[in-house]
Each structure stands twice: as structure tokens, then as C-alpha cells.
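Structural features, examined
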Amino acid sequence: MEDDGSLLSEDGLLDNAPLLEDERDELEDPEFDIGCPLQEAEDDMDPGHSSSVKELDTDADKLKKKTAEDRMQAFHLRQNLSALDKMHEEQELFIEKMRGELRACRQRQDLISKQQEAVAAEIATEGEAGNMATVGRLQAVSRRLFMELENERDLQSRTEAVLKESENAMWHIEIQEGRLEAFRTADREEAEAAGRRLQVRAARQLCREQEALGKMERNRLLRIRKSLHTQKELGLRHQKLLEDARKNHKVAVRFLKASLGRIREQEKKEEMKCQEHMRRRMDAVVALKGSISVNRDTLRKFQAWDHAKAELAEQRVQAEKKAILAQGGDAFRHLVHQRRRQELEAQKRAFEEEQKLRKQEIVSRILKEEAEEEKRKKQHPLTKATHRPTLRDKTWNYISDYCEKKTTAPTNTYTLDYEAAAGPGPSRLVDVISSELIQGDPGASSEEETLAEPEISGLWNEDYKPYQDFDIGKVYKKKITLVNTTYTINYCKLVGVEEHLRDFIYVDFDPPGPLSAGMSCEVLVTFKPMINKDLEGNISFLAQTGEFSVPLKCSTKKCSLSLDKELIDFGSYVVGETTSRTITLTNTGGLGTSFKFLPASEPCETDDSQSILKLSSILTYEDKSLYDKAATSISEQQLEGTESSQADMQSRKELEKLDEEQEEEQPTEPERLTTAIPPSEEQTEITLGEITEGEIGPFSSIKVPIIFTPVVPGNVQARFKVMFKNPQCPMLHFRVMGVAIDVPVWVPKPSVDLKICMYDRLYQDSVLVHTRSKAALRLKFEVCKELRAHLELLPETGYIQAQSSYSVQLKFLPRHSLPEDAGRYFDKETRVLEAPMTIWVADQNKPVEFTVHAIVTTSDLELSPSEVDFGYCTIYEAIRTEISLHNHSLLPQEFGFVKLPKFVDVQPNDGFGTILPLETLQFDVIFQPTKAEEHSFKLTCKSEINRCFKLSCRAVGVHPPLELSHYQIKFAATALYDTSVATVYVINSHLSMSSRTHSKPRIGSEDTSPVGPTSFEFLLPPDSPITISPSVGTVWPGKRCLVQVAFRPVLPEKLIHQEALPLLNKEMETKSFRKDMASQRKDMQRLSLSALRMQNRDKLFKVSVPHVLELRKRELKPSSDEYQAARATLVRAFQAKFDTFVVPCVVASGDVKDRKGSEPPSFSPHNTLYLELWCPTVAPSVVVTSHKGKTIFNFGDVAVGHRSIKKVSIQNVSPEDLALDFSLLNPNGPFVLLNHSSLLRAGETQVLVLSFSPHESILAQETLDIITKRGTLTLTLVGTGVASMITCSIEGSILNMGYVIAGESVSSGFKLQNNSLLPIKFSMLLDSLSSARGRGQQQLPQFLSSPSQRTEVVGTQNLNGQSVFSVAPVKGVMDPGKTQDFTVTFSPDHESLYFSDRLQVVLFEKKISHQILLKGAAREHMMFVEGGDPLDVPVESLTVIPVFDPKHREASSRPGPPSPEAEELRPILVTLDYIQFDTDMPAPPATRELQVGCIRTTQPSPKKTVEFSLDSVTSLQHKGFSIEPSRGSVERGQTKTISISWVPPADFDPDHPLMVSALLQLRGDVKETYKVIFVAQVVTSP
């Protein structure tokens, strides 16, 4: 295809080359190899074609003969022609445009001319009307129109000139095109000829394809017939296989059930044994635990006793020391001697104990030697044959001795047994059992062991009298002949039978009397066995020459088994042949048994009660040692290294009792013990025949066949053993050997590995066959029937020469039907094919086999999901969808996504790569539409073997009515709790419904969005650190809206709460611990140390649960110290992170202001815009190191006017120096930064001083930003200004002390209460004592000014220089919510009615909280009158001029009528205003009051009351006055009111006020007369 591509490029037909390539790809077939279409067209040219085809061929030949220069010239001419065409089109467009502008210019000129005529007419009209202002305006309009007309004319002339030039250029272009018209025609004809050639080639290609299609159809029919035949054969074979399988299944199920039954029974027995063993161990552990707890308590008692004994000994030593000192001796020397004496006694006792132990050891050795000597004497007597104990008896004796601790060295014996039990085990145990059986054979050397030399030689001629193979209950009789072999007369007497034979042996002997030399006598011995046991003994006789005995030996039935040979040698045999030999098993004993032939490597089962007992004893003592070790370790841990010998002894005794109980509980019958022999390599060449096990009777033999089937050349050896059910029969062994000779033909590579193969792909390999034969051999290569449709060996038959090699071609073309065809040769799970191949060699029984291995895999690639729906996507964004490509093959494959549309992209690596076996790759399919329409397309993934896999996709392109200026915002690295701001514009570019100016916004193929205001709304994700302002808005067509996006990263509240929880827990534990410790100190004397520790643990445990509940209930506020400390810790440990947020912006038509009420706008989900935000977060570069890292500083409550200062330490934790800039605080606010710095070096710490000075009662909060180039640190300043809220108990701020006798004093109290949250420092100041009063006295007196201008509050003062008013306390501090009592004392020293002063309550020595006006009056006598109008100034004179001298004062006190000269009249003016609004209705009377009082005094006085009287009451009543009461008396400290009312009489003249007077007399300690002047008048308004 590459040659075709180059040829077509030379002909200028590159656009059609891909079509040919695609056609060729579709025509590919594994069975047909179609070559290049063009090359085949040239090779298969038919001479019978039409003449037109020949002409086209001649034209093609001519084109090929063109030179390179001609082609280059033609290429340049084509370029020039295309450039001329383009210029022609551009000039036409330009000329059309200029003509349109010229027409528009002329139209504008006509319009301006018409406007000029209209304006001229209006000017004439207005000029006639005399409206000069309008005429001036119209003339200005006329001048403007004239200017516009001139401009249009200039524009017309310029346009005409440009149009003329363009037309000239157009003419030149047309001339050039006319010149190239001939080339254009030739080029067109050439293109038509090339098209005709392509059609001819297409026709040829079509013919070839039709021929190929016919071939493929014939091949398909042939394959169908073959497949039908193969399926028929497969059906028959499958049916046969099913029948065989059913039969085999029945047999297998029967054997499987039997095997499973045996296995379950064996597992059940083993499980019961394990449970029993574990129960015993658990009981032992429980007993051990109980003994340990008992020993622990005992040890504690012993420790307490030792401690008490030590204290008692110490007391005795101290007492002895005091006694020695009292006697004048050396106490230290005495104690040293006493200790040495004690040490010597202890050494002496230890030496004596050691001597006793050594004596006991020597005695035990002596006794042991004596016992061994006695044993040797009993085993080897001079005249008697003793019974030799068997190995079983020795073992039982050893076990009993060991359990009773009679053995002298149990440790060594235990170690040997333990090693025997813990070692490799089974083989060693069998050796022990075998040796035991061999040693226990009584017939091995009976003559040597049971007989000794007789005392009289020649008394008997038989060795012993045997009773062999006896049965219990039967009677056996034998005669013994005794011959006198001496040379003299002898006598014989029966002594008797040994004691252990008396129950079974009966001797019938009649003494013959004297026996001459050579004479004999008979003895009848009757044996009646009652037990199945071998018996040995002697029958004793007494002769004249001495005592002699006849030995007896009674043996039970036994097996005597042997093999006729121990080695079987087969000799040499060819591989593949089979031969057999026999081996004979003979039983010469009287007892039959079961036998079993086994390879030496298989495990065996033996029945030996002795081995079981031995193993049980070993395991028992092993457990005992483990228990001893456990007890020792536990005692050492619990008792902290103290010795516990008594506890150990007690635990050992308990374990020994437990072992004895276990031994008693063991079953009496011997159990079957299975001992496994480690298996060796299995021998498949030498095997046993059919008879491998069975029963052998007494005095019989059995032949067992041994089969030799050589498989691998070389020497073959095998070992077998014969096992017997009777434990007394030893195991027999024999060995088999043979030599295998190789076949003459072989394959050096018996396994042909084709590695991994794909379906429908051809794979080839060669198989090499060798021969060592000296003659040529015929070979036939055979493939199994199941794989003949997939595997082929060529040739099928061949001849191999002598001592040479032969190569066979192997072709493997796996079809998709291989898993079904191959059957058992193909594993569907692993996809492994193991195909056996057979080479039949002439004159050779065994064929040569080799195996073809291959892993067959598919070449499928799977795309998932099968269909992708991108949904709706705007043209300003891209949608990414993840797809997966799975390789089902076991081979890596190269792939690539080809022929992708322009609006689709596949990443990574542009959709190309290599996929590994069974790997799944994830790809991102990115869809980015360019216009609003519905898309439906397919993605094509092509593999390296030209297989195409397609994925259907669909999507809808959306053109939204709004767009964003940026769809992605990358924020700079922002520190925690800092803010980064970015701007983005929402643009509405939809101005008209015309599609020529811009693309119309719409959804797919739907209707266009209307032109008008369009609303938007940004939908922020929940709990995001993003703020968008405005988030909702409306954009009009052609406008844009500015939107600010702020990013402020913060720590999650949940994380801060988790960090703060330990701090709260620690704080609460500390508080609870302090409370517990306070309560524990009270109970310290009553509780011991141990009880106190247990109480602490219980209390801590009880307190921990309420703490958790309280912490859960407690809410952690952001302003709390724990919250701030936890946040600061997390900020310092914060690692940089990167977050990405996608904020959708929904769009709706219309204005958000037009919606009714809370009706939401109709946002379309398809017109949604998306704004992507990249938000990197870093740790702050400047942190607060003081106040646990908190950034919120609470100054607390500060009194107004005071200042509180806090110092904040900040540190630069970044690696570079930072320039600092501080934000401005409110200049009128309470917070002030007292110091600032412009540079903070890396790692440096600086201290900022902040002050809080509230000017009013307010909760103030401000933020101080520390700005650096790497971020901003915000400090939040919070403080509360607390005003001094004090309330006074005095109402009206006036405290009137009343009247006091001059020289006396009176006190009055009031209270001040602190209602604020702060303690308040107060001070009391009197204006009369202030320094400013002296400066005020330099001015004019206040009485000279008008009453409205009088501001003096300090009135008359004492003449003695002391303050007339005093207050206590003067200074102090009032706690929050508390009340302070104050006492004001009034002490005048002379008479005056104008004592006054002002008391100021000053807080914190700055603020005046209250001003209390103090007033008082002083009289020299006890009576006073108040009321009336003031007649004098409130300032007394500096001089005191008495009106009367003392003589007159004394005279006035005498009784009798007072003289007018002696009385002092005090005037009182009472003015009454009668208000009359209407003359028709009466008005209320005018009223006034006078107060007459009596002053309480401490001075003695004859008068206790004050009497008053008013004269001329009748005359006053005639003039309209009413006075009540006119006379009366007043008690001390009391006042009485005289009410005065006036109603004008009938003859009253309103124009002249009424003035009358009356005398008011007061009688107390003195008499005083007051002249009361009444002035009454009528007024119409108050």
C-alpha cells in the first residue's frame, strides 16, 4: 500500500488513497493473501479490454514521462491560477462594497439637500415672524448641514476614485486569467482523465473482489461440510466419554465413600484424643493457678512474719545495745562478736547438712551396687536357670521406679526419653519397637540362657522337654527317660517342680529303687496350660551322687515368617516393556497373621501397647516439666524475685498426683499407634502386583509378584517392606533392582512450547527427531483426533536415516472452537493447551511421544461502557468522560484511537499506546463542541493486527446566551485565614437574531434564545472557602457585569474541635484531681496507703465518664481560649494543600427584578456555565507566638477613660525577610497600635504593643491586618468599654438638711450602688473646698447679677473656717453590685438661712458621676417660718450688726406687753395671683402656704413646743383671704402648714392690686414677730 500511495501522489490523487486502504483492510482474510490492488491490476491485465482503456493507459504512460521541471511549472501555474481566482473574488467583493457605499453617500446627499431646503424655508418663516433666536438656531443647523454635505461630496469623490482603481485592477486580473485559460482547460481535462483511470481501477478491483468472494464462499461451504462431519464424530465420542465417565463416577463414588468414612473415623479419634489431652492440660493449669494463688497468700504471710521477726530482732538488738551502754560496755564490739558467732553457727549447720547429704548419697550408691550385684547373681546362677525378663518388663519396671522416684538419675533418663519423643520420631520409634521384638524372642538362644552345667554329668541325655504351640485347656503328656550313666548303683528321688510351674505341670514318677549302671526309669510329665504365656522351669531330682534337674520349656503359638530372597535382580529391559518376578513369604510357625507389602517410603501402622505407654509416659513428664517451668516463671513475676520453694514443691506434688491419675485412666487394651515414615521418592517403574496384603496361615507360604516397567533409561532400585499385624513379628525388608535400556528413536525436546498464541493466527515450529539405530526407520506422525482441526504435523510419514535426525514442521492455527474441540487437553480456566503428539516407529512397541504446550488467548479489546452519552455541553467548555479499555488477551497489544472528529480528543498520549496482558487502561474522552448542534459519532480503536473496536457516542452542543471572560481562575498561594480576590466578567454578546453577525445561542437544534436581559446565578458548593459577589445578577445585551471571586481558606471546625478536646479534657481532669486531692487530705489519717491507691484508681475511673459527657455537652465557642489555642497549633503544623472547585453558573432569560415575590427564575440546566477555581493553600508566613497563638485578643472590660495594654509577639517563619505594612485602625476608635516595624527578618520575633482606651460604654471590635508579600495576618481586637453605672438614693440631687440650732450639728445619710461589672474607685469632693473657688471669689458678687445669671452654688459658710458640710467616707472602692453608705453632717456655727454647698462624686479621679446640692439653715432659737417670696439676696453680709444690744434683748424677755420699740419685725411677702380665664365661670382661689416649725435641739429648754398666732384674721376675711389655721402649736422636730387662699371680693378693682398686712407671732424660748404682707391681684394668664 505504501507503493500505491507514492504512485497516487505522483498523479495528484492523494485524496482517494485512504479509500483504497480501507477497502483492502476489509478484504483481508487469514486464508487468502490479497496483494496490492494496483500491482495485481498490472499483472492480471486482460488483453481483451476496450480501446478506451488502452488510450487511458497510454495517457498514463505519457504523464509518467513528464519531467520534474514540467511538474514544477504546472504546480506554480496552479498556484498562480488559484491566487488569481482568490484576488478576483476579493476584488468583486470590494467593488460591490464600494458601489454600495457610493449609493449610500448619494442618498445621504439627497437627504441633506432636502433638509437644507426645509431649514431655509423655516428661516424665512421665522425671519418674517421676527423670532431671531429661532433664526439663529436654524442658521447654525444650516451651517452644520452644509458642512455635512461638503463632507459627503468629498467622500463621494474619494469613493469614486477608489472604485475606479479597483475596476482597473479587476480588468488586469481578468486579463491574467484569460492568459491562463488554456492551462485551466488542460488541467481540467487532466483531472477528468485521472478520474476515468480511477474508475477503471475500481472496476478491476471490483472484479478481483468478486473472484475472491467466490473463493471464500467455496471455502466456507467446504468448512461447513468438514465441521458437520467433525461434529458428528465429536457427538459419538462425547457419548462414549459420557458412558465411561458414568461408570468411573460410580466406582469413584464407592471408593470415595469408603475412604471418607475411614478418614472421618480417624479424624474423630484424633479429635477425641486432642480434646482429652487439652482437658487434662487445662485441669492441670487450673490446679496450678490455684496453687499459685494459695502460695502467693502464704508468701505474703511469711513476708509479714519475717518483717515482724526482723523488727522484733531489731528491737532486741537496740535493747541489748542500750543495756550494754548502760553497763558501760562497748556495744559495737559486742554486736560484731555476736554477728560473727551467728555466721560461724550458720556455716557449721550448712556443713553438717552437706555431710548428711553426702552420707545419704554414698549409702544410696552402696545400696545400688548391692542391688545390681544381687541382680547379676540371680540372672547367672551356677546350678539354676533363671527367667530373663523381656524388654517390655524392663520398661514397665523402669516406669514404675521412675514414678515412685526410685531411680537414682531420673534427669538423664528423662532427657533421653524427651529427645526420643521430640526428635524425628516415627522411624526411631520403629527401630526401638523392632529391637524390642527381636530382643524379646525367647527362642533365639534359649539353650545358652536357660541351662547351666549339671552337678552330676551324664544323668540325662535330653537338653530340655519342649511343649511347642500349645493350646489353652488341652493336656499334653511326655515321658522322660532317666538313665544311670555312672558306673555304680544309684538312686533317684523326685524333688519337685518349681513353684511357678506347679499349677500347670504334673509329674508322675514311681521311684524304681536302686538303679544299676546303665539302667533307666521313666517319668511321665503332664502339661495342662491355663494361660497363654511361655513357661520355663526345671523338674528337680535328687540322686545319690547329687541333685540334678530336667529343664522344661513350654512355648505358645508363634509366627515364624521369612522371605525366600532379599534381593530381586530383573536384569536389563528396554523402556516400555514389562516383566515380573515373584517373592515367597513363608510362615513356619503355628500362628497365622495378616501381612502387607509396602514400599519402604510409605507410612505404616503398628499395634504396640508398650510404645503407647512409653510415649504417654514421655509426654506426661514433658508436660510436668513445662508446668514446673510455668510455675517457676509465674512465681518469679508475681512475687518479685522472692524464693517460693514451698509453693514449687506443692505444685510438683499436685502435678505428680495428676500424672498418676492419668496413668490409671489409660485403657488396658493396647491402642493402635500410627507412625508415619517420611516418604521418599515414589517408584513408578518397580511396583507390586495384585497381591499386596492378606492372611498367611500357619505352616504356609504365599507368592507375591513384583512388576518391572522401565520408563526412563538407567538403573532402577526400590526397597520394600513387609508389615504384620502381630506385633511380635519383626518387619521384613527386601530390595529390587533393574536396568532400563533406552529406545532407538527419541525427541531431544519432548515439550514444544509455543508460548502464548492468539486465535485465528498461524504459528509454526519445527520438531527434531533423532535416532541411534544403525538402520533406517519409518516414522509416522500422529495428532490426536481432538486437535486435528487446529494442529498439523507435516509430513505425516517419513523415513529417518541411520544415526541421523529428521525435522517435522508443526503448524498451529487455533480456532475459536478450540476449547470445545480439545476437551481434556485444554484448561478453560488457565487457557493452557497440552496436546500429546505421537511418533510411531516401525518395529517398536512403544511410540515416541512429545507434547505441544501453548497458552491460547483471544485478541479482543473491550471498551466499556458500550455507549457514551456526553449530554449537553456548552461551546465554552469541554466534558471529560472516563472510559476503560480492557485487554482480554494474555499478550500485550499496541492500539490507537484513529479517525477522531475534530471536536473529540482522547488522552493520555492522544489515545495511542500499548496495553499489557489482562490490563485495564483508563482514558479520558474530551468532548468540546464548536457549535450548537446534536452530535452522534463513533470512536474507533484499532489494534496492531488491524482489528477495530468501536464505541458509540452522542452529545448535544449548547451555545449559552451568556459567557464568562475567564473559565478558569488560578489563585495565588493563599495563607490560612488570608483572602485572595480575582475578577471575572459575565458578558452578554447576544445583540440580534441575525446569524450573519454572530452565532445564535441555542440548545442543540432548538429555537434561538431571545434577545434581551439575561440573568445569572453562581451556585457555590457547601462549606467552600469561596465567596462570589454578586452571585446573582442581570446582564443586558452588549453589556458585561463585574463579578469578584474571593478565596479565604480556613481550617475545618471539626478538626479544630478534635484538637481542642484534649485541652478541655486535661483542664477538667486537673480540676477534678484537685478536688479529689482536697478530699483525700482529710481522709489521709484514716486510710492506709494501699487503700488510698485503690480509692484513687476508683475515683479517677468514676470521674472520667462524667468528663466525657460534660465535654460533649459543652459547646466550644470560637472566642474561647481552647478554640484559639487549637487553631493556632493546627495553623503552625499546617501542610500546603491544593483544592479545586467547580462553580456552576446557571442562566435564565429575563431580569431578576421582574420576578414576582419569591418566585425563582426559570434557569435552564443546559445553559449552565462552569467556573473552575484552583485554590492553593499554604501555611502563613507570619504567626503569633504569644497568647498560645491566638489571633483574637480580648481586652476584656475596661472602664471608660482608662487604658489597657496588650503585647503581641509575631514571628516570621518563612525563609526570607518580609516587609511589614499595617492596616489603619479607626483614628477615632479606642484601639491604637503604639509601635510598628517595617521589616521582619527570617526567624525574627517582634512584639507589638496594642492599647484599648474606650471613650464610652461600647463593645468595640476592629481588625489589624499585618500585610506582607506572602500573605496577610489578621488580628482581631475586641474590648468592652464599661461606664461607671452608679445610682444614688437621693431624688432630685438635692439634700436639704433642714433647720439646725447654730452651734449644733445634724447628720443625714444616702447610698450609692455600683451597677457596673467593674469595681469603682470613688472620691467625694465639696465645691467649698476646691481650689477653683478661690479664683471665682475674685469676680463680682453673684447677687449683683441677675438671678438668671447666678451660677454660684456655694452659699454661707462657717465663720470659724471649718466646712459647714462634711461627708464620710471620702474615698474608697465599690465592688460590682455592692452598695456604699455615706453620711453628710451639717454643722453651722452661726445663724443663716443660706448655708449651701455642692457634693461631687468623682470616679477614678476623673469622671464626675453625681452632683448633690447640700442645703441647710441655722437659727439661734428653736422656731422658724418658711414660705413667702424672697426679699433679700442669698449672700450674707460680711459684717454683723446687731439690731439690739443685750440689754434690750433681756428686756424683751421679761413678761408684759411688748413695747413697739423692743420688737423686731421680720417681713414675709406672700403674693397671690388669682387666675381668671372667663368672667362667666368662677375660677379656683389663689393659694399659698407658710411652714411654721420647731427645731429639735439637745440644749435644755423650758419650752417643749412653739406656739404661733396670726392677728387681724377678720379684716383679712373681709378682703377675701382665708387662713387656716390662724393659731396653733408645733412639737419639736415637727412643722405645721398655714394655708392661705384668696378670692377677690365683689368690689375688687382689677386694675389696683390689694395689699394688706398681718402680724405672725411665734413663742418658744423667745418671742418672734413676723409681719406678713399679703399682695393679691387678678391675672388672665399664669
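Calculation criteria
- Residues numbered from 1 in each chain as written.
- Predicted model: local features only at pLDDT ≥ 70, side-chain atom pairs only at ≥ 80, totals over all residues.
- Heavy atoms only, no water.
- Helix = DSSP H or I, 4+ residues; strand = E, 2+ residues; numbered from the N terminus.
- Buried < 20%, exposed > 50% of the residue type's maximum accessible area, 1.4 Å probe, protein only.
- Contact = heavy atoms within 4.5 Å.
- Areas by Shrake-Rupley, 256 points an atom, 1.4 Å probe, with all protein chains shown as cover.
- Patch = residues over 30% accessible without salt bridge, like charges linked within 9 Å, V, L, I, M, F, W, Y side chains within 5 Å.
- Salt bridge = Lys/Arg side-chain N within 4 Å of Asp/Glu carboxyl O.
- Lys, Arg positive; Asp, Glu negative; His and termini not counted.
- Charge placed at Lys NZ, Arg CZ, Asp CG, Glu CD.
- Pairing = 2+ DSSP bridges.
- Axes fitted to C-alpha atoms, helices over the stretch in contact; angles between N-to-C directions.
- Polar contact = N/O pair within 3.5 Å; in protein donor to acceptor, adjacent residues only side chain to side chain.
- Expected span 1.5 Å × (residues − 1).
- Phe/Tyr/Trp six-rings, centres within 6.5 Å; stacked < 30°, edge-to-face > 60°.
- Lys NZ or Arg CZ within 6 Å of the ring centre and 35° of its normal.
- Core = buried A, V, L, I, M, F, W, Y, C linked by side-chain atoms within 4.5 Å.
- Parallel < 35°, antiparallel > 145°, perpendicular 65-115°, else oblique.
- Nonpolar A, V, L, I, M, F, W, Y, C, P; charged D, E, K, R; others polar.
- pLDDT = per-residue confidence, 0-100.
- Left-handed = near helix turned anticlockwise from the far one by under 90°.

**Some words on the overall build of the chain**
Along the chain, the regular secondary structure elements total 21 helices and 75 strands. Expressed as a percentage of its 1582 residues, the buried residues of the chain come to 33%. Considering only intrachain contacts with a sequence separation of at least 6, the fraction spanning at least 24 residues in the chain is 72%. Accessible surface for the chain amounts to roughly 97,900 Å². Of this, 52% is attributable to carbon and sulfur atoms.

**Thoughts on a negative patch on the surface**
There is a patch of like negative charges on the surface, built from Glu89, Glu90, Glu92 and Glu174. Sort the elements by how many residues they give to the negative patch and helix α5 (residues 68-129) lands first, with 3 residues. Along the chain, the position of Glu92 falls in helix α5.

**Considerations on the sheet that holds strand β34 (residues 912-915)**
Strand order across the open sheet formed by 5 strands is β30-β37-β36-β32-β34, with mixed pairing between neighbours. Lying at the two open borders of the sheet, with one neighbouring strand each, are β30 (867-874) and β34. With strand direction ignored, the average angle separating the axes of adjacent strands in the sheet is 25°. Alignment of strand β36 (residues 934-943) against strand β37 (residues 948-958), held across 9 bridges, turns out to be antiparallel. Its bridge partner lying in β37, Thr940 is registered against Lys950.

**Notes on the pairing of strand β65 (residues 1392-1403)**
With 9 of 12 residues buried, β65 lies mostly within the body of the structure. In this sheet, β65 lies alongside strand β61 (residues 1320-1326) in antiparallel orientation, the contact comprising 5 bridges. Directly across from Phe1322, in β65, lies its bridge partner Leu1403. Across 10 bridges, the pairing between β65 and strand β66 (residues 1407-1419) is antiparallel. Its bridge partner being in β66, Ser1396 is matched across the sheet by Lys1415. Adjacent in sequence and paired antiparallel, β65 and β66 are bridged by 3 residues, among which Phe1404 carries a positive phi angle near 55°.

**A few points about the side chain of Asp821**
Residue placement: Asp821 occurs in helix α15 (residues 818-822). Despite its burial, Asp821 pairs with no opposite charge; the closest candidate is Arg237, at 6.5 Å N-O. Side-chain polar atoms of Asp821 contact the side chain of His790, separated by 2.9 Å.

**A look at the pattern of salt bridges**
Pairing of side chains with opposite charge becomes possible as their charged atoms draw close. This model, assessed by the stated rule, comprises 33 salt bridges. Glu522 serves as the salt-bridge partner of Lys479, at 3.8 Å between the closest nitrogen and oxygen. Of this pair, Lys479 sits in strand β2 (residues 476-483) while Glu522 sits in strand β5 (residues 520-527), and the two are 43 residues apart along the sequence. When its relative accessible area of 55% is taken as the criterion, Lys479 is described as exposed. Residue classification places Glu522 among the partly exposed residues on the basis of a relative accessible area of 49%.

**Observations regarding the sheet that holds β5**
Taking strand neighbours across the sheet as the criterion, the 3 strands line up as β2-β5-β4 in an open arrangement whose pairing is antiparallel. Sheet topology places β2 and β4 (505-508) at the edges, where each strand pairs with a single neighbour. Mean inter-strand twist for the sheet, computed between neighbouring axes without regard to direction, equals 25°. Alignment of β2 against β5, held across 8 bridges, turns out to be antiparallel. Within the sheet, the bridge partner assigned to Tyr476 lies in β5 and is Phe527.

**Some details on helix α7 (residues 181-327)**
Across its 147 residues, α7 extends only 158 Å between first and last C-alpha, which sits more than 12% below the 219 Å expected from 1.5 Å per residue. At the exit of α7 stands Gly328, carrying a positive phi of roughly 90°.

**Looking at the packing of aromatic side chains**
Applying the stated criterion across every chain yields a total of 33 aromatic pairs. Both rings, one in Phe927 and one in Phe937, keep their centres 6.3 Å apart while their planes meet at 20°; by these two values the pair is stacked. Note that Phe927 is positioned in strand β35 (residues 920-927) and Phe937 in strand β36, a separation of 10 residues in sequence. Taken as a pair, Phe927 and Phe937 share a single burial class, namely buried. Arranged with centres 5.9 Å apart and planes meeting at 80°, the rings of Phe1138 and Trp1174 form a pair that is edge-to-face. Within this pair, whereas Phe1138 is found in strand β46 (residues 1137-1149), its partner Trp1174 is found in strand β47 (residues 1164-1178), the two being separated by 36 residues in sequence. Through a chain of ring-to-ring contacts, the aromatic side chains of Tyr1474, Phe1521, Trp1542, Phe1548 and Phe1574 assemble into a single cluster. In this structure, Arg1040 is placed above the aromatic ring of Tyr985, and the distance from its NZ or CZ to the ring centre is 3.9 Å.

**Quick look at unusual backbone geometry**
Look at the link from Leu794 to Pro795: it is a cis peptide, with omega at -5°. Note on placement: Pro795 falls in the loop between β23 (791-794) and β24 (797-800). Going from Ala1368 to Pro1369, the amide bond is cis rather than trans, its omega being 0°. Although it is not a glycine, Phe699 adopts a positive phi angle of roughly 55°. Turning to its location among the elements, Phe699 is positioned in the loop between β15 (693-696) and β16 (700-708). Located in the positive-phi region is Asn946, a residue other than glycine, with phi close to 65°.

**A few points about a nonpolar patch on the surface**
A cluster of nonpolar side chains, Leu221, Ile224 and Leu228, forms an exposed patch at the surface whose accessible area comes to about 250 Å². With respect to the helices and strands, the residue Ile224 is situated in helix α7. Exposure remark for Ile224: the relative accessible area of 34% places this residue in the partly exposed category.

**As for the environment of Val856**
Structurally, Val856 can be placed in strand β28 (residues 848-857). Along the backbone, Val856 and Cys757 are 99 residues apart, and their C-alpha atoms lie at a distance of 4.8 Å. For Val856, the residues in contact, after removing those within four places along its chain, are Cys757, Tyr759, Phe812, Pro814, Leu818, Phe826, Arg831 and Leu833.

**Looking at the nonpolar core**
Core analysis: the biggest nonpolar cluster contains 35 residues, and Val769, Leu787, Phe812, Leu818, Leu833 and Phe850 have the highest contact counts within it. Elements with a contribution of two residues or more to this core: β20 (751-758), β21 (763-771), β22 (777-783), β23, β25 (805-812), α15, β27 (832-841) and β28. Once residues within four sequence positions are removed from consideration, Phe812 is found in contact with Leu754, Cys757, Arg761, Leu762, Tyr763, His790, Leu791, Leu818, Leu833, Ala854 and Val856. Residues Leu1472, Val1506, Leu1554 and Leu1562 belong to the second largest nonpolar core, which totals 32 residues.

**Observations regarding the environment of Glu101**
Counting through the fold element by element, Glu101 comes out in helix α5. Along the backbone, Glu101 and Gln156 are 55 residues apart, and their C-alpha atoms lie at a distance of 8.6 Å.

**Overview of the packing of helix α6 (residues 132-179) against α7**
Relative to each other, α6 and α7 sit at 50°, their axes nearing to 4 Å. Classified by the angle between their axes, α6 and α7 sit oblique to one another. The residues of α7 that touch α6, namely those facing Glu177, Gly178 and Arg179, are Glu181, Ala182 and Arg184. Looking at the contact of α6 with α7 residue by residue, the classes come out as 1 nonpolar, 1 polar and 4 charged.

**With respect to the confidence of the model for the chain**
Any residue range with low pLDDT should be treated as having predicted coordinates unsuitable for detailed reading. Considering every residue of the chain, the mean pLDDT works out to 77; 77% of them sit at 70 or more. A low-confidence stretch, residues 1087-1093 stays under pLDDT 50, and its non-local contacts, those more than four residues away or across chains, total 4 contacts. Within the model, the stretch residues 1441-1462 combines pLDDT values under 50 with 10 contacts to residues more than four positions away or in other chains.

**A short note on the packing of α5 against α7**
Packing of α5 against α7 brings their axes to within 11 Å, and their N-to-C directions diverge by 110°. Compared by their axis directions, α5 and α7 come out roughly perpendicular. Note that α5 runs across α7; the crossing there is left-handed. Between α5, through Ala74, Leu77, Arg78, Leu81 and Asp85, and α7, the contact on the second element is made entirely by Phe183, Arg184, Asp187 and Glu190. Grouping the constituent residues of the contact of α5 with α7 by class yields 4 nonpolar, no polar and 5 charged.

**Quick word on the side chain of Thr159**
Secondary-structure assignment places Thr159 in helix α6. When residues no more than four places from it in sequence are discounted, the contact partners of Thr159 are Met98 and Leu102.

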